Amino acid sequence: MEVKTSLLDNMIGVGDMVLLEPLTEDSFLENLKKRFDHNEIYTYIGSVVISLNPYRSLPIYTPDKVEEYRNRNFYELSPHIYALADEAYRSLRDQDKDQCILITGESGAGKTEASKLVMSYVAAVCGKGQEVNKVKEQLLQSNPVLEAFGNAKTVRNDNSSRFGKYMDIEFDFKGDPLGGVISNYLLEKSRVVKQPRGERNFHIFYQLLSGASDDTLKKLKLERDFSKYNYLSLDSATVSGLDDAANFRTVRNAMQIVGFMEDEMESVLELVAAVLKLGNIEFKPESRCNGMDESRIKDKNDLKEMCELLGTEQSVLERAFSYRTVEAKMEKVSTTLNVAQAYYARDALAKNLYSRLFSWLVTRINESIKAQGKTRHKVMGVLDIYGFEIFEDNSFEQFIINYCNEKLQQIFIELTLREEQEEYIREGIEWTNIEYFNNAVICDLIENNQNGILAMLDEECLRPGTVTDETFLDKLNTICADHQHFESRLSKNSKFLNDHSLPHNCFRIQHYAGKVLYRVEGFVDKNNDLLYRDLSQAMYKANHSLIKQLFPEGNPAKVNLKRPPTAGFQFKASVGTLMSNLQTKNPNYIRCIKPNDKKASHVFNGSLVCHQARYLGLMENIRVRRAGYAFRQAYEPCLERYKMLCKNTWPHWKGPARQGVEVLMTDLQVPAEEFSYGRSKIFIRNPRTLFFLEEKRKQCLEDLAALIQKIYRGWKCRSHFLLLKKSQVVVASWYRRYAQQKKYQKIKHATTMVQSYTRGWQARKLLRELKYQKKCEEAVTTITAFWHGTQIRREYRKFFRANAGKKIYNFTIQRIMQKYFLGLKSKLPSMSPIDKTWPARPYSFLDGVHAELRRIFHLWRCKKYRSQFTEEKKAVYEEKLEASELFKDKKALYPSSVRQPFKGDYLEISKNPKYQKLSSAVDEKILLADVVNKINRANGKGSSRLFLLTKKNVVLADQKTGQLKANVPLTDLASVSTSTQTDGFFALKLKEGSPSAIKGDFLLSSDHLIEIITKLHRIGSMAADREKLNIDISDEFLVQFKQDKVCVKFIQGSPKNGNSVSCKRKNNRLLEVSVPASS
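Not measured: the values here are computed from a predicted model.

Each helix and strand in the chain was counted, giving 30 helices and 31 strands. In the chain, which comprises 1079 residues, the proportion classed as buried is 47%. At a minimum sequence separation of 6, the contacts of the chain that also span at least 24 residues come to 63%. Split by element, the accessible area of the chain, about 58,400 Å² in all, is 52% carbon and sulfur. Counting 166 positive and 131 negative side-chain charges, the chain places the centres of these two groups 15 Å from one another.

Pasting the structure below:
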């Protein structure tokens, strides 16, 4: 991928509008279109970034792009939002300057995406670490939450922000984020109760119905069908490209990351469901005997379900919808509400409930993401707020939004001019006053405390008597008639009397972006934003954990008869606070523009872009920027870029950079009035001068390129010739060596052949002589051997007959034994100790040896098997061996226990939180933990107990609670009794006079009887300070219960009693245990 090294390299159009020649509105639009067609969506106006929404994904936001723009000069690379974000971040980190990034534009222009890109870039380039990553994740995840509750689908944008957002991100001295604070402005709460055609309510309503589980919807008393709810428009309920179900899961996950508790999320969803239910409440008229009209709720089912969600009494809320109480000093007057007033009250409650919930969400997010500590931190603010709005029908909302944009434009002009002036002063450049349109007169028309439009609107809302939108317009016509930016058909100014484009119920304001016609209908009601006190008090009485926080004015103990501040007053105060905040920070601007109204890629609507450019004041911005010097650059990069234009500076300038630039400009004969030298930068007044330098540089680069190509081609040809020459020498030398080698090989081969024939003849001659000599020696040896044999046979013939039989016998026996052992080796059985096979003996005289070898082999493989045991396995087998010694052929239950491993801790006491208290009460290691039945002497029935065995104690505890019931030291045990049959009964008999014997012996029943008694016996036998525990195996034994002795008798049960062991009390001295017969 090509990397541009300068804003001026390989430009498509003009990257910085300040350099545009000629500067006209048409050339401005043509330059934007040219860059947009080549996927260049970002363009500069000085340090301001213009962003066109491409309505598609572009590969310009990758991690590689982040690294490319990281720590680079603002004008070093092609225009990008990352360049502005990096410039702001580095100024904050390195120069300790608080920054603010102002993102403006109309709905659908990409403001929200721009703010996300800025935050994601800052998150990518700042420090790393577990705590830092957590803070970054929380800051980024606050966006999905606020978008779900504050964004909606409009005709212009599928994800339009219906509120203004300002986020202050706080950093430490290293530039790592510590937290943030979010402020929200003017949520469009009227959308909750009514949406224009083709638009939707806020996203969260559709996400909840689409993505929540069936159990959640049932709990919230909701259904998935959008048509069931009056507050949800149906014509745009589903939006292509938006997955409401997946977005709901994303919002839930984001709320968890930000720090919302599970009960808080449930409370929020309950209030969202309550708003939907509230919209379904409908009223019917009802006449009273006194002729007054009142309203009644048609179907109370939705009201009932809503009250259940909010935890309020149905009768209280029903009365609040039917009556209104007015308090004046010490008097209370209650009046009935007609149907229209009831619907107004319902919608007012829905709007207030949702808007207050949204404000609570912002506050709750701030609690989670705010920076810890009270020391001052570096701050970067990101403002994502609605742009200037001009619709066919403009009302109070557009008036407030445009007032905010007037204030932003005012601060933009002031800060831009101030930044220009400060740079000129800093660089020592003479400052020329710049003339520009100051919109302070328009701001004063709106916000003046005496006769501003907002002040008159508040005065009209608070005035006693009949107050309507018409009376408010009359007041404006009286006071603002002579203002140059105010127009009205009914004003005293006669020039508007015949203006038919201006209706009678409207007024027009000439904003900096153009004239806007406002319809006065609804101004008074929307500014009042009244919620009847009865509804506030009804909400305060709710038992819901969140409702009381949202309606504090409903507290009867804190009744305030003073009217709440109006919407206009609150917004004016918020804007004032915002402006004061922005004045303290270094501003950075992103102007977002949408290229068309169809949300289509590759479509550029010139008239629409021109309209937005006008009300964003972009041309005014360029003129302000160009009023002084159009271009400025530091001396070092300027000299580096243009040094090839002068022989004195090429290829290297050894002096200071400023002197090099002076020499360069003198050599190029640039007129002195076209530039000025600052302390660290050169300032160029006219873009033509810059383009002249660029053209000269381009021509020079072409000449340099031709020279480099010429030198390179000559070097390449010379190198190729030298290579060929060297190769020819090498090839010739190798061929000569090869020819000499071939000649030498032929001579060598001939010589070798002659030598081989000669040596062969000599060898054959010698071989014949040696063969003859060997035959003579063999003949002599054979004759000698035969002679010696004859002599020996003659001498030993008399001894042979006497000893031959014995030797033959011994030899035969030796061969039989050898064959026996070899056969036994190949037929040995497996290494398993339980394998009883053994090869058959071949001869009867080997019986003794055969048996002894079998015994020795068995002992050897047993030893090998035992050597593989771990200490734990060895202990298990020792316990099994001890159990065999105790119970084999004595207890009928024993054979079935042989294959069962001795597990010991069957309850996993240490891992089970239920028995944590019991585990801490037992200090020693638990050798055995099991559930046993403690037999009651009164009725023979058993109750479950926990049986714990340690090296010193036997512990009995309650199974359900884990409460300690008995703790018996093993030294107090006298013996253990059990039957000979298959039951699991056993008695722990205590020594008389011991402390544990007060309550008597224990008669217990367990499925692991063999293991329990074996471990008890083993502990007793291993302890040197205790007597060996006596095990009594009998079908009848005595058990001491307190003062009485009871005989426990075991009998064989009949088949009709089933296969279970039963214990019954026969009398006070006898317990009879019926054991089923073993099969």
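Attention now goes to helix α1 (residues 25–37). Its 13 residues place the ends of α1 18 Å apart at the C-alpha level, agreeing with the 18 Å of an ideal helix rising 1.5 Å per residue. If you check which residues of α1 are buried, you get Ser-27, Phe-28, Leu-29, Asn-31, Leu-32, Arg-35 and Phe-36. Once α1 finishes, Asn-39 follows within two positions and takes phi at roughly 65 degrees, a positive value.

Before going further, it helps to examine the sheet that holds strand β15 (residues 514–519). In space, the three strands of this open sheet follow the order β13-β14-β15, with antiparallel pairing throughout. Lying at the two open borders of the sheet, with one neighbouring strand each, are β13 (486–488) and β15. Going from strand to strand, the sheet's axes swing by 25 degrees on average, the running direction of each strand aside. Bridge analysis of strand β14 (residues 506–511) against β15 gives six bridges, and the strand direction is antiparallel. Counterpart to Gln-510 in the pairing with β15 is Lys-515. Most of the contacts of helix α16 (residues 469–479) go to β13, to which it runs at about 125 degrees, and overall it touches β13 and β14.

Judged by side-chain charge, Lys-863, Lys-864, Arg-866 and Lys-874 come together as a positively charged surface patch. Here the element with the most residues in the positive patch is helix α26 (residues 847–867); it accounts for three residues. Mapping Lys-864 onto the fold places it in helix α26. Residue Lys-864 is classed as partly exposed on the basis of its relative accessible area of 41%.

Bringing the side chain of Ser-979 into the picture now. The residue Ser-979 is located in the loop between β24 (973–978) and β25 (985–990) in this model. For Ser-979, the side chain forms a polar contact with the main-chain nitrogen of Gln-981, separated by 3.3 Å. Within the structure, the side chain of Ser-979 is placed 2.3 Å from the side chain of Asp-983, a separation counted as a polar contact. In contact with Ser-979, other than residues within four places in its own chain, are Lys-891, Phe-985, Ile-1033, Ser-1034, Asp-1035, Phe-1037 and Phe-1050.

Okay, the side chain of Lys-65 next. Here Lys-65 is to be found in helix α2 (residues 63–69). Setting aside chain neighbours within four positions, we find Lys-65 in contact with Ile-60 and Tyr-82.

The contact between helix α5 (residues 130–150) and helix α8 (residues 244–258) brings their axes to 8 Å, and the two run at 135 degrees. Classed by the angle they form, the pair α5 and α8 counts as oblique. Every pair of crossing elements has a handedness; the one defined by α5 and α8 is left-handed. Between α5 and α8, the contacting residues are Glu-137, Gln-138, Gln-141, Ser-142, Pro-144, Val-145 and Ala-148 on the first element and Thr-250, Val-251, Ala-254, Met-255, Ile-257 and Val-258 on the second. Counted by class, the contact of α5 with α8 contains eight nonpolar, four polar and one charged residues.

Since one α-helical turn is 3.6 residues long, residues separated by three or four positions face the same way. Taken residue by residue, helix α21 (residues 606–615) has Leu-608, Val-609, Cys-610, Gln-612, Ala-613 and Tyr-615 as its buried positions. Considering only its buried residues, α21 is in contact with α1, β16 (586–593) and α22 (618–626). Where α21 ends, the next residue or the one after it, Gly-617, has phi of about 70 degrees, a positive value.

This paragraph deals with the pattern of salt bridges. Per the stated rule, a full pass over the model turns up 43 salt bridges. Among the salt bridges present, the one from Glu-40 reaches Arg-35, with a minimum N-O distance of 3.6 Å. The class for Glu-40 is buried, based on a relative accessible area of 18%. By relative accessible area, which is 3% here, Arg-35 ends up buried. Among the charged side chains, a network of salt bridges with common partners joins Arg-162, Glu-188, Arg-191 and Glu-199.

In this structure the tally under the stated criterion is 27 aromatic pairs. Linked through ring pairs, Phe-396, Phe-399, Phe-472, Phe-486, Phe-507, Tyr-518 and Phe-523 together constitute an aromatic cluster. Positioned above the aromatic ring of Tyr-323, the side-chain terminus of Arg-319 is 4.5 Å from the ring centre. Positioned over the ring face of Phe-260 is Arg-364, at 5.2 Å from the centre of the ring.

Attention now goes to unusual backbone geometry. Following Glu-21, the chain continues into Pro-22 via a peptide bond in cis, with omega recorded as -10 degrees. Note on placement: Pro-22 falls in the segment before α1. In the Ramachandran plot, Lys-599 falls in the positive-phi region, its phi being about 55 degrees despite a non-glycine side chain. Its location among the elements puts Lys-599 in the loop between β16 and α21. Of note in the backbone geometry, His-602 takes a positive phi value of approximately 65 degrees without being a glycine. With respect to the helices and strands, His-602 occurs in the loop between β16 and α21. On the basis of relative accessible area, His-602 is assigned to the exposed category, the value being 54%.

The next point concerns the confidence of the model for the chain. In this model, the chain carries an average pLDDT of 83, and 93% of its residues clear a pLDDT of 70 or more. Confidence drops under pLDDT 50 across residues 1–5; counting only partners more than four residues distant or on other chains, this segment forms eleven contacts.

Between helix α23 (residues 635–642) and helix α24 (residues 657–668), the least distance of the axes is 9 Å, while the angle of their chain directions is 45 degrees. As summarised for this structure, α23 and α24 are arranged oblique, according to the angle between their axes. Judged by the sense of rotation from one axis to the other, the crossing of α23 with α24 is left-handed. Between α23 and α24, the contacting residues are Tyr-635, Glu-636, Cys-638, Leu-639 and Tyr-642 on the first element and Ala-657, Arg-658, Gly-660, Val-661 and Leu-664 on the second. For the contact of α23 with α24, the class distribution of residues is seven nonpolar, one polar and two charged.

Quick look at the domain arrangement of the chain now. Split by domain assignment, the chain resolves into domain 1 (265–353 + 527–565), domain 2 (403–526), domain 3 (631–698), domain 4 (820–863) and domain 5 (872–1030). Each of domain 1 and domain 4 has a C-alpha centre, and these two points are 100 Å apart.

So, on to the sheet that holds strand β20 (residues 928–935). Strand pairs in the sheet, formed through backbone hydrogen bonds, run parallel or antiparallel to each other. Within the open sheet, the eight strands sit side by side as β23-β22-β21-β20-β26-β25-β24-β27. Their pairing is mixed. Because the sheet does not close on itself, it has two edges, and the strands there are β23 (964–969) and β27 (1030–1033). Neighbour-to-neighbour, the strand axes of the sheet open up by a mean angle of 30 degrees, direction not taken into account.

Alignment of strand β30 (residues 1062–1067) against strand β31 (residues 1070–1076), held across five bridges, turns out to be antiparallel. Pairing of Arg-1065 across the sheet is with Leu-1071, part of β31. Turn length for the β30-β31 hairpin, with the two strands adjacent in sequence and antiparallel, is two residues.

Next up on the list: the environment of Val-382. Here Val-382 lies in strand β12 (residues 378–384). Look at Val-382 and you get buried, because its relative accessible area is 3%. Taking C-alpha positions, Val-382 is 29 Å from Val-603, a pair spaced 221 residues apart along the chain. Aside from chain neighbours lying at most four places away, what touches Val-382 is Ile-101, Ile-103, Ser-115, Val-118, Lys-165, Tyr-166 and Met-167.

The next subject is the nonpolar core. Counting 208 residues, the largest nonpolar core has Phe-28, Phe-149, Phe-205, Leu-317, Phe-321, Leu-349 and Leu-582 as the members making the most contacts within it. Setting aside chain neighbours within four positions, we find Phe-205 in contact with Leu-232, Val-272, Val-275, Leu-276 and Tyr-354. Counting residues in hydrophobic clusters, the runner-up holds 30 residues, among them Ala-883, Leu-949, Phe-986 and Ile-1019.

Rules used throughout
- Residues numbered from 1 in each chain as written.
- Predicted model: local features only at pLDDT ≥ 70, side-chain atom pairs only at ≥ 80, totals over all residues.
- Heavy atoms only, no water.
- Helix = DSSP H or I, 4+ residues; strand = E, 2+ residues; numbered from the N terminus.
- Buried < 20%, exposed > 50% of the residue type's maximum accessible area, 1.4 Å probe, protein only.
- Contact = heavy atoms within 4.5 Å.
- Areas by Shrake-Rupley, 256 points an atom, 1.4 Å probe, with all protein chains shown as cover.
- Lys, Arg positive; Asp, Glu negative; His and termini not counted.
- Charge placed at Lys NZ, Arg CZ, Asp CG, Glu CD.
- Expected span 1.5 Å × (residues − 1).
- Pairing = 2+ DSSP bridges.
- Axes fitted to C-alpha atoms, helices over the stretch in contact; angles between N-to-C directions.
- Patch = residues over 30% accessible without salt bridge, like charges linked within 9 Å, V, L, I, M, F, W, Y side chains within 5 Å.
- Salt bridge = Lys/Arg side-chain N within 4 Å of Asp/Glu carboxyl O.
- Polar contact = N/O pair within 3.5 Å; in protein donor to acceptor, adjacent residues only side chain to side chain.
- Parallel < 35°, antiparallel > 145°, perpendicular 65-115°, else oblique.
- Left-handed = near helix turned anticlockwise from the far one by under 90°.
- Nonpolar A, V, L, I, M, F, W, Y, C, P; charged D, E, K, R; others polar.
- Phe/Tyr/Trp six-rings, centres within 6.5 Å; stacked < 30°, edge-to-face > 60°.
- Lys NZ or Arg CZ within 6 Å of the ring centre and 35° of its normal.
- pLDDT = per-residue confidence, 0-100.
- Domains from an automatic or database assignment.
- Core = buried A, V, L, I, M, F, W, Y, C linked by side-chain atoms within 4.5 Å.

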